[in-house]
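Each chain is listed here by its residues.
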Amino acid sequence: MSGTSRRGTDRASRLARAAALSGTSGKVCPADRATLLLEAIIEPGDRVTIEGDNQKQADFLASALAKVDPARVHDLHMVQSVLALPEHLAVFERGIANRLDFAFAGPQSRKLAELVANGTVKIGAIHTYLELYARMLVDLTPRVALIVADKADRNGNLYTGPNTEDTPTIAEAAAFRGGIVVAQVNEIVDRLPRVDVPGDWVDVVVPSPKPYLIDPLFTRDPAKIRNENVLMAMMAIAAVYEPYQVRRLNHGIGYATAAIELILPTYAAQRGLKGKIASHFVLNPHPTLIPAIEAGFVDSVYSFGSELGMEDYVSNHADIFPVGADGNLRSNRALAQVAGQYACDLFIGGTLQIDAQGNSSTATKDRITGFGGAPNMGADPRGRRHDSPTWLRAGREAGESLRGRKLVVQMVQTHQPNGAPSFVERLDAFDLAASAGFALPPVMIYGDDVTHVVTERGVANLLRCRSPQEREAALRTVAGDTEFGRRQSSETSDSLRRGGIVMFPSDLGIDVGTATRDWLAAKSIDDIVTASGGLYVPPAKFRRAIVTHT
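The text that follows walks through the structure, step by step, so that each part is easy to find. Numbers given to residues run from 1 along each chain, matching the order in which its sequence is written. Residue-level local features of this predicted model are given only where pLDDT is at least 70; pairs of side-chain atoms are given and counted only at 80 or more, and the full residue set underlies all totals for whole chains, interfaces and linings. Side-chain figures throughout are based on the complete set of non-hydrogen atoms in the structure, without hydrogens or water.

In space, the 8 strands of this open sheet follow the order β13-β12-β11-β14-β19-β20-β21-β22, with mixed pairing throughout. The open sheet is flanked by β13 (300-302) and β22 (502-503), the only strands paired with a single partner. A pair of strands is treated as paired once DSSP finds two or more bridges between them. Helix numbers and strand numbers start at the N terminus; a helix is a DSSP run of H or I with at least 4 residues, a strand a run of E with at least 2. When strand β11 (residues 248-251) meets strand β14 (residues 346-349), the two strands line up parallel, connected through 3 bridges. Counted as the bridge partner of Asn250 is Phe347 from β14.

Attention now moves to the pairing of strand β19 (residues 407-411). Among the 5 residues of β19, 5 are classified as buried, and the element is accordingly described as predominantly covered. Categorising residues by exposure relies on relative accessible area from a 1.4 Å probe, with only protein chains included: less than 20% of the type maximum marks a residue as buried, more than 50% marks it as exposed, and the intermediate range marks it as partly exposed. Neither face of β19 is exposed, since Leu407, Val409 and Met411 on one face and Val408 and Gln410 on the opposite face are all buried. In terms of strand pairing, β19 meets strand β20 (residues 452-454) through 3 bridges, oriented parallel. Its bridge partner lying in β20, Met411 is registered against Val454. The crossover handedness rule: strands pointing away from the viewer, path from first strand over the helix to second strand clockwise, crossover right-handed. Between the parallel pair β19 and β20, the chain is carried across by helix α15 (residues 428-436), and the sense of this crossover is right-handed.

Here the focus is helix α12 (residues 333-342). Burial of α12 is extensive: 7 of the 10 residues sit out of reach of the surface. In this fold, the buried residues of α12 make contact with α6 (129-138), α7 (167-175), β12 (280-282), β13 and α13 (374-377). Identification of polar contacts relies on pairs of N or O atoms within 3.5 Å, with a donor-acceptor requirement for protein atoms, meaning one able to donate a hydrogen and the other able to accept it, and with residues adjacent in sequence counted only if both atoms are side-chain atoms. Capping the start of α12, Asn332 holds a side-chain oxygen 3.1 Å from the backbone nitrogen of Ala334, two or three residues further along. The contact criterion used is simple: two residues touch if any of their non-hydrogen atoms lie within 4.5 Å.

Since the α-helix advances by 3.6 residues per turn, residues separated by three or four positions end up pointing in the same direction. Every buried residue belonging to α15 is among Asp428, Ala429, Leu432, Ala433 and Ala436, and all of these are buried. For α15, the angular spread of buried residues about the axis comes to 145°, placing them on one side. For α15, exposure combined with an orientation more than 90 degrees from the buried face picks out Ala434 and Ser435. Its buried side turned inward, α15 meets α5 (109-117), β5 (122-126), β15 (353-354), β16 (360-361), β17 (363-364) and β18 (367-368). The first or second residue beyond α15 is Gly437, which carries a positive phi of 80°. Along the arc lie the directions from the helix axis toward the C-beta atoms.

In this section: the side chain of His88. Structurally, the position occupied by His88 is in helix α4 (residues 86-93). Look at His88 and you get buried, because its relative accessible area is 1%. Contacts of His88, omitting those with residues within four sequence positions, involve Ile50, Gln57, Ala62, Gln80, Val82 and Leu83.

Before going further, it helps to spend a moment on the packing of aromatic side chains. Pairs were defined over the aromatic rings of Phe, Tyr and Trp, the Trp ring being its six-membered one, requiring ring centres within 6.5 Å. Orientation was assigned from the angle between planes: stacked under 30 degrees, edge-to-face over 60, tilted for the rest. A full pass over the atoms with the stated rule returns 4 aromatic pairs. On the numbers, 6.4 Å between centres and 10° between planes, the contact of Tyr129 with Tyr133 is stacked. Taken together, the residues Tyr129 and Tyr133, both in helix α6 and 4 residues apart, mark about one turn of the helix. Here the two residues Tyr129 and Tyr133 agree in accessibility, since each one is buried. Ring-over charges, as used throughout, are those where CZ of Arg or NZ of Lys falls within 6 Å of the ring centre and within 35 degrees of the ring normal. Its end group placed over the ring of Tyr255, Arg220 keeps NZ or CZ at 5.6 Å from the ring centre. Over the ring of Tyr244 we find Arg393, and its NZ or CZ is 4.9 Å from the ring centre.

Every definition here rests on a 1 Å grid over the protein atoms only: cavities are sets of points where a 1.4 Å probe fits but cannot get out, pockets are open sets enclosed by protein on both sides within 12 Å along at least five of seven lines, and lining residues have some atom within 4 Å of a point. Grid points are joined across faces, edges and corners, and a volume is the space filled by probe spheres set on the points. Taken as a whole, the second largest pocket holds about 390 Å³ of empty space. Along the walls of the second largest pocket sit 19 residues, with Ile126, Glu131, Phe371, Pro442 and Tyr446 positioned nearest its centre. Listed by contribution, the elements that provide at least two residues to the lining of the second largest pocket are β5 and α13. If one sorts the elements of the lining of the second largest pocket by residue count, β5 sits on top with 3 residues.

In a soluble, globular protein the nonpolar side chains are often hidden away together inside. Nine residue types can take part in a nonpolar core, namely buried Ala, Val, Leu, Ile, Met, Phe, Trp, Tyr and Cys, and a core is a set of them joined through side-chain atoms within 4.5 Å. In terms of nonpolar packing, the biggest core is built from 86 residues, with Leu65 and Met78 touching the most fellow members. By residue number, the principal contributor to this core is helix α3 (residues 59-66), which donates 6 residues. With residues up to four places along the chain from it excluded, the contact list for Met78 reads Val48, Ile50, Leu65, Val91, Phe92, Ala97, Arg99, Leu100 and Asp101. Residues Ala259, Ile290, Trp519 and Ala522 belong to the second largest nonpolar core, which totals 64 residues.

Bringing the packing of α3 against α4 into the picture now. Every axis corresponds to a line fitted to the C-alpha atoms, with the helix fit spanning only the stretch in contact, and the corresponding angles, defined between N-to-C directions, vary from 0 to 180 degrees. Put simply, α3 and α4 touch, their axes get as near as 9 Å, and they point 15° apart. With respect to each other, α3 and α4 are oriented roughly parallel. The hand of the α3/α4 crossing is left-handed. Judged by residue contacts, Ala62, Ser63, Leu65 and Ala66 of α3 engage Glu87, His88, Ala90 and Val91 from α4. When residue character is reported, Ala, Val, Leu, Ile, Met, Phe, Trp, Tyr, Cys and Pro are called nonpolar, Asp, Glu, Lys and Arg charged, and the others, Gly included, polar. Of the residues that constitute the contact of α3 with α4, the class distribution is 5 nonpolar, 2 polar and 1 charged. Roughly parallel refers to an angle under 35 degrees, roughly antiparallel to one over 145, roughly perpendicular to one between 65 and 115, and oblique to any angle outside these ranges. Working rule for handedness: look at the near helix, and if it is turned counterclockwise from the far one by less than a right angle, call the crossing left-handed; if clockwise, right-handed.

Structure follows, in structure tokens:
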């Protein structure tokens, strides 16, 4: 019997067991039978994925999986983008799963490190998002996929609303290789606003007792942006955005990049940069981008996912965001990763550690955070063939004769909020590789891809360095009052400044004393609501922040 025939027979028997639980309801399985459903369709040793993006979570199905009988379901290989919930690790603690391939751990990073250290979890690899999706289509195809959507009809067609994110990619990977797709939905309706995933890709629909969990991960309260964040934002605009004419870009979600968004209508406008920089974003709908949109800086935003509270604002700006005939955003995390890698000229983000070679990582001794999409967008894509002024100039500065370069900027304060130095001689990732059995240290962005490092001390333009020693000296110069930075002589730092490799604020015409919150186009969540014309509705935890602020 061929492999295809075996998969078909196995799939039929699993679905028959599922049908026995659904009764006459067709594809719809009652919520109170969810755990029984998973015990019926999942077998020991299966490869299983639970949809858990940065934001939306198949939380009801995750909880149901964590409750299955380990005597019946065990030795699972979990393949999932994000470990965000306690239930995502409970399956390992209960002996239901033992192997893991993932991209990002976020709030579960410390617990994951503990489980790896005691042997409860065996990690295959820490992937980027795009890398993990690719492997789902090749050699890590899920046998069972647990996904999530806003609505379904009784034929299993799914409507994801603004938060499409990973759903179609995961469903397709499983559905076309004989896998079983189970969808958690908020409600079942007779007619969908639009079809985001066709019903013949979906085998079972489970109406959840409550709406799926979604986290406003990309919201930054301007009240928490400090003067040093504003200073770094001003330097990034003066040293990178303006001279390279950066129009197509992706931002990280730190306070420094939020500051960049909020000083576009003030500082960047004063420098005459409207229409010249920051026109096309690959970005979730950041609330801090609203003043720049209203000021006419932004022409388009293609989104990985949505953001709580931004639904009405996005729907009213179909000229900026990809909005469907239903009036809601259509996001796509996989396509946005591709757009961030190939269609953007600049990626700017942060990290936890940078070493002397410029390698960076968010995997430290006690935290296995993962990388998400940073390595996809924070790498120079060797397959790129179209040009732009930004790409060509960066290539010329790097001494390239046949190609340009993508700008990859690490924007990090010299010390982390907990006081730990951001610049180190050796990444913790090397020790983690040894203890976890990785073949290579989990580096997030390799140093040879990094073009600029921005700290509150200054900007290091690594494109202009012509030797590893010069790159290291440039990094030490902007490392500030850290042990790493103190190993640099003032004479070497002065030489790098004269050569334009390192730029301090004064070299960029910036008076540190004027680099204050006064430049922010919105200084509070309240101000963002006002800028949106009342269309932005802050999530509850940010509404509480408003009360505290006022």
